[in-house]
Amino acid sequence: MNTNEAITEWSYWKAVVRYGHVGKGKEISVARYLVMPSGSTTVDVMEVITEMPGTKKRSVGSIQKIDYLEYLEGLRSEKKNFFLQRLFEGRQAQ
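The rules behind the values
Residues numbered from 1 in each chain as written. Predicted model: local features only at pLDDT ≥ 70, side-chain atom pairs only at ≥ 80, totals over all residues. Heavy atoms only, no water. Core = buried A, V, L, I, M, F, W, Y, C linked by side-chain atoms within 4.5 Å. Buried < 20%, exposed > 50% of the residue type's maximum accessible area, 1.4 Å probe, protein only. Helix = DSSP H or I, 4+ residues; strand = E, 2+ residues; numbered from the N terminus. Polar contact = N/O pair within 3.5 Å; in protein donor to acceptor, adjacent residues only side chain to side chain. Contact = heavy atoms within 4.5 Å. Salt bridge = Lys/Arg side-chain N within 4 Å of Asp/Glu carboxyl O.

Now for the nonpolar core. Among the nonpolar cores identified, the biggest contains 12 residues, and these are Trp 13, Ala 15, Val 17, Tyr 19, Val 30, Leu 34, Met 36, Val 45, Ile 49, Met 52, Phe 83 and Leu 84. Of all elements in the fold, only β1 (10–19), β2 (28–37), α1 (42–50) and α3 (82–87) reach the threshold of two or more residues within this core. Examining the composition of this core, we find that 4 residues originate from one element, β1, more than from any other.

Structure below.
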């Protein structure tokens, strides 16, 4: 993917991500909604997820491409998610 060009089109993704740090040997799965350049693949999305703070080693539960309206609804639900609020307390959520 060439990052020097202006990105004019986007693709939207829903990913179920496994997070740790909720107790010894425990995890929590949370739906995350991501926006990526239009040429992005599932592998590109997986790379972004593995770099997110708090994720487990095998952090990807599922990934699917979604439309813009579902993405907006998902962002609203992320803001209401108690676990994500605590995870990103004091810093900008990704």
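Having seen the model, we can carry on.
The next point concerns the side chain of Ser 11. Checked against the element boundaries, Ser 11 lands in strand β1. There is a polar contact of 2.9 Å between the side chain of Ser 11 and the side chain of Trp 13. Polar contacts involving the side chain of Ser 11 include one to the main-chain carbonyl oxygen of Pro 37, which spans 3.2 Å. Once residues within four sequence positions are removed from consideration, Ser 11 is found in contact with Leu 34, Val 35, Met 36, Pro 37, Ser 38, Ser 40 and Lys 65.

All right, on to the pattern of salt bridges then. This structure, assessed with the given rule, holds 1 salt bridge. Linking Glu 78 and Arg 32 is a salt bridge whose minimum nitrogen-to-oxygen distance equals 3.0 Å. With Glu 78 in helix α2 (residues 68–80) and Arg 32 in strand β2, this residue pair connects regions lying 46 residues apart in the sequence.

Judged by relative accessible area, Glu 78 falls into the buried class, the value being 11%. Ignoring anything within four residues of it in the chain, the contact list for Glu 78 reads Ala 31, Arg 32, Tyr 33 and Leu 84.

On their own, these measurements won't tell you what the molecule is for.
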